[in-house]
Amino acid sequence: MDWVETTGRTVEEAKEAALDVLGVDASEAVFEVLEEPKSGFLGLSKKAARVRARVRPTTPRAKDGRRETRRRQKGSDGAAKPDSEVTGAGEQLVEDGDAGTSARAAAVTGRSHQKPKARVRPQEPGDRARRSKGTVVEKGSEGQALSVVSEGPSRIELAGLAQHFLAGILGEMGLAGSVHVDSVDDESIELSILGDDLGVLIGPRGHVVSAIQELTRAIVQRSSEDSAGRVTVDVAGYRAKRVKALERFTTQLAQEVLESGEEKALEPMVSADRKIVHDTAAEIAGVGTRSEGYDPRRYVVIFRSDESPAESD
Amino acid sequence: MSDEQDYNAVESEPTQTINLLTYLGNALVSADGEVEVEWSRSGSAVKLTLYVPSPDMGKVIGKGGRIANAIRSLVRVAGAKEGVETTVEFSDTRQ
């Protein structure tokens, strides 16, 4: 997915955000304006501007072999604050002419604001506006829109659909940010929303980010022929941090179980979190885990075991 | 920002909240444009009802109401931005 979707208070701002993410100059990017900002009442922005952008393809590139590099480095603050973090890495990379490679590199590091704004060349919105909401353009197929509602959308298309859905939420809520597809494979689709003021999308104890993930999973499931697999959505690095904390907590608890021999039940968690507990405990010799109870109050129990730990979920 | 809004209109339309619910509804049911949102407001309390075609009810409710609750969570956030407390209900499209 070379496309990124971004939002901002103005189209220009959304484009800037997209360029920050792509790490290229405006002249090297292709834009689509998905939504003009609508200002409401008293000039309060009712709807953020939404654009979609990608690096202007220069030479045809093979589709395969590009995917493994796509995984974004987790917890990169530069990526979380594209506007403030200047690394310069993106700038240098784009000069070699292989825009595709540099785009991914720069997406991780953020980008400076040195690009000349005058060179912004938006694509005619009219042309793009005709496309319905449920469509996505796949990279490589030059400007050709592939409908994702057609039968058996590919995993990449599903990820694009999810990305689009999330950008739509940002737009509706008037929040500025960008949506990234971090990785796609047969088992999972990982997305993240980055931006400065996204605390509201995390919510108390990640309640809101979980809701967003749930909805995104439903959207993907609805459009896929078979199982959607795992769909994860992170907001501003929240989940990445939480995974780490949960791993630490599990390890600590497992040590206590090892010492005392007493089982310990964790608080109820969603399946994704339970999996983290299972996976973490599986690495620790001498403890096993099982899940008990029923969703949404299903929880993991850690127990001392001499056998190899059995996983359940 | 919310001061201005509060000052303004006790009964004003929480546009963003309504739009978000409409957006989520449309994204979740099969055909675009089939959902409808009705709302009523009393002070800062806004009650929203998402009407969807009967065959699509399951898509907005989900197993054990999981999707419905996810919608509620997100709509609550949009409502908070507009200074209102939301309750969301789901109903079949009226015949």
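The structure we're discussing is the one just above.
Everything in this summary refers to the structure shown in the same document. Starting afresh in each chain, residues are numbered from 1 along the sequence in its written order. The order in which chains are written sets their letters, starting at A; the order in which ligands are written sets their numbers, starting at 1. pLDDT decides what is reported in this predicted model: residues at 70 or higher carry local features, side-chain atom pairs at 80 or more are listed and counted, and totals for whole chains, interfaces and linings draw on all residues regardless. Computation of side-chain values: all heavy atoms of the structure, hydrogens and water removed.

## Description of the environment of Gly174 of chain A
All names here are of chain A.
Turning to step 1, where the next piece is worked out: The helix count covers DSSP runs of H or I at least four residues long, the strand count covers runs of E at least two residues long, and both are numbered beginning at the N terminus. On the secondary structure map, Gly174 appears in the loop between α6 (155–173) and β8 (178–184).
Turning to step 2, where the next piece is worked out: A residue is classified by how much of its surface remains accessible, and Gly174, at 25% relative accessible area, is partly exposed.
Turning to step 3, where the next piece is worked out: The spacing of Gly174 and Arg9 is 165 residues in sequence and 7.5 Å in space, taken between C-alpha atoms. Burial classes: relative accessible area under 20% of the type maximum marks a residue as buried, over 50% as exposed, and values in between as partly exposed (1.4 Å probe, protein chains only).

## Focus: the sheet that holds strand β3 (residues 85–92) of chain B
All names here are of chain B.
Turning to step 1, where the next piece is worked out: Overall, mixed pairing links the three strands, which are arranged β1-β2-β3 in an open sheet. The open sheet is flanked by β1 (36–42) and β3, the only strands paired with a single partner. Averaged over all pairs of adjacent strands, the angle between their axes in this sheet comes to 20 degrees, without regard to strand direction.
Turning to step 2, where the next piece is worked out: Two strands pair when backbone bridges link them, and strand β2 (residues 45–52) and β3 are joined in this way by eight bridges, in the parallel orientation. In the sheet register, Val52 faces β3, and the bridge partner there is Asp92.
Turning to step 3, where the next piece is worked out: Whether two residues are in contact is decided by their heavy atoms: any pair within 4.5 Å suffices. Inter-axis angles, ranging from 0 to 180 degrees, are taken between N-to-C directions of lines fitted to C-alpha atoms, where helices are fitted over the stretch in contact. Most of the contacts of helix α4 (residues 66–81) go to β3, to which it runs at about 140 degrees, and overall it touches β2 and β3. Here the rule is simple: two strands pair whenever DSSP picks up at least two bridges between them.

## Some points on unusual backbone geometry
Residue and element names in this part refer to chain A.
Turning to step 1, where the next piece is worked out: A positive phi angle is found at Arg205, which is not glycine, with a value near 50 degrees.
Turning to step 2, where the next piece is worked out: On the secondary structure map, Arg205 appears in the loop between α7 (199–202) and α8 (207–223).
Turning to step 3, where the next piece is worked out: Positive phi is not limited to glycine here, since Ala236 has a value of about 50 degrees.
Turning to step 4, where the next piece is worked out: Within the secondary structure, Ala236 is located in the loop between β10 (230–235) and α9 (238–260).
Turning to step 5, where the next piece is worked out: Judged by its relative accessible area of 27%, Ala236 falls in the partly exposed class.

## With respect to the pairing of β2 of chain B
Residues and elements named next belong to chain B.
Turning to step 1, where the next piece is worked out: When you tally the buried positions in β2, you get six out of eight residues, the bulk of the element.
Turning to step 2, where the next piece is worked out: Two strands pair when backbone bridges link them, and β1 and β2 are joined in this way by seven bridges, in the antiparallel orientation. Bridge pairing links Ser40 to Lys47 in β2.
Turning to step 3, where the next piece is worked out: Taken together, β1 and the strand that follows it, β2, pair antiparallel across an intervening segment of two residues, in which Gly43 is found at a positive phi of about 65 degrees.

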